[in-house]
Structure formats: structure tokens, C-alpha cells
Amino acid sequence: MSSIARRILRDLLHFLGRYPALKRLIVDTVYRFPALDTTLRTVAHRVIHPEAVLDVDATRLPDASRRAFDRMREGPKP
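Read on for an overview of the structure.

How each quantity is defined
Residues numbered from 1 in each chain as written. Predicted model: local features only at pLDDT ≥ 70, side-chain atom pairs only at ≥ 80, totals over all residues. Heavy atoms only, no water. Patch = residues over 30% accessible without salt bridge, like charges linked within 9 Å, V, L, I, M, F, W, Y side chains within 5 Å. Areas by Shrake-Rupley, 256 points an atom, 1.4 Å probe, with all protein chains shown as cover. Salt bridge = Lys/Arg side-chain N within 4 Å of Asp/Glu carboxyl O. Helix = DSSP H or I, 4+ residues; strand = E, 2+ residues; numbered from the N terminus. Phe/Tyr/Trp six-rings, centres within 6.5 Å; stacked < 30°, edge-to-face > 60°. Buried < 20%, exposed > 50% of the residue type's maximum accessible area, 1.4 Å probe, protein only.

**Looking at a nonpolar patch on the surface**
A grouping of L12, F15, Y19, L22, L25 and I26 is seen on the molecular surface, where their side chains present a nonpolar patch of about 520 Å² in accessible area. When contributions to the nonpolar patch are tallied by element, the ones reaching two or more residues are α1 (3-18) and α2 (20-31). Ranked by residues supplied to the nonpolar patch, first place goes to α2 with three residues.

Written out as C-alpha cells, the structure is:
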């Protein structure tokens with residue numbers, strides 16, 4: 001998602017936060033379309049809560065923690 005789109009969506013969410021009645025009307029309308037509701041909730045969550053950057057020096061971790069950290073970095077196994 002581009003930074004312009006993120007900025008617009010963040011401003012829109014802020015605007016709706018100031019007008020609860022308008023927000024309720026929009027939420028009730030969008031709720032009737034499950035696919036749209038899910039997509040909008042996902043996008044809004046990503047804008048409000050950007051992915052955290054994990055910067056860990058694995059050499060300074062205890063052995064058990066380092067093994068768990070390595071497993072997390074590898075991701076799920078198919």
C-alpha cells in the first residue's frame with residue numbers, strides 16, 4: 001500500500017473517530033458485505049498497527065532463546 005493511500009486511510013479513520021454516529025452508520029452498512037468488511041478491517045489494522053521491526057542480536061541470547069528465535073525466523077514448515 002502506498003504512503004499516500006495510508007495517509008488518506010489514517011486521516012479517514014481519524015475523521016470517523018470524531019463522529020461516532022457516522023462511523024456507526026458506515027460500520028453497519030459495510031458489515032452487510034462480509035468480504036468487504038474483512039478486507040477493510042485488515043487494511044485498517046495494517047495502517048494503524050504497522051509491522052514491528054525485530055532487531056535482535058541472536059549471539060547475546062541464551063541457548064534456548066536463540067533456538068526459539070531461529071525457529072521463528074525460519075517460519076512455518078510445510
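**Some thoughts on the packing of aromatic side chains**
Summed over the entire model, instances satisfying the criterion amount to one aromatic pair. A centroid spacing of 4.9 Å and a plane angle of 45 degrees characterise the contact between F15 and Y19, whose relative ring orientation is tilted. Judged by its relative accessible area of 33%, F15 is partly exposed.

**Comments concerning the pattern of salt bridges**
Scanning all chains against the criterion turns up four salt bridges. When the shortest N-O distance is used, the salt bridge between R41 and D37 registers 2.9 Å. With R41 and D37 both in helix α3 (residues 34-48), this residue pair falls four residues apart, about one helical turn. You can call D37 buried: its relative accessible area is 13%. The salt bridge involving D63 is made with R66; its shortest N-O contact spans 2.5 Å. In this pair, D63 and R66 both sit in helix α4 (residues 63-74), three residues apart, roughly one turn of the helix.

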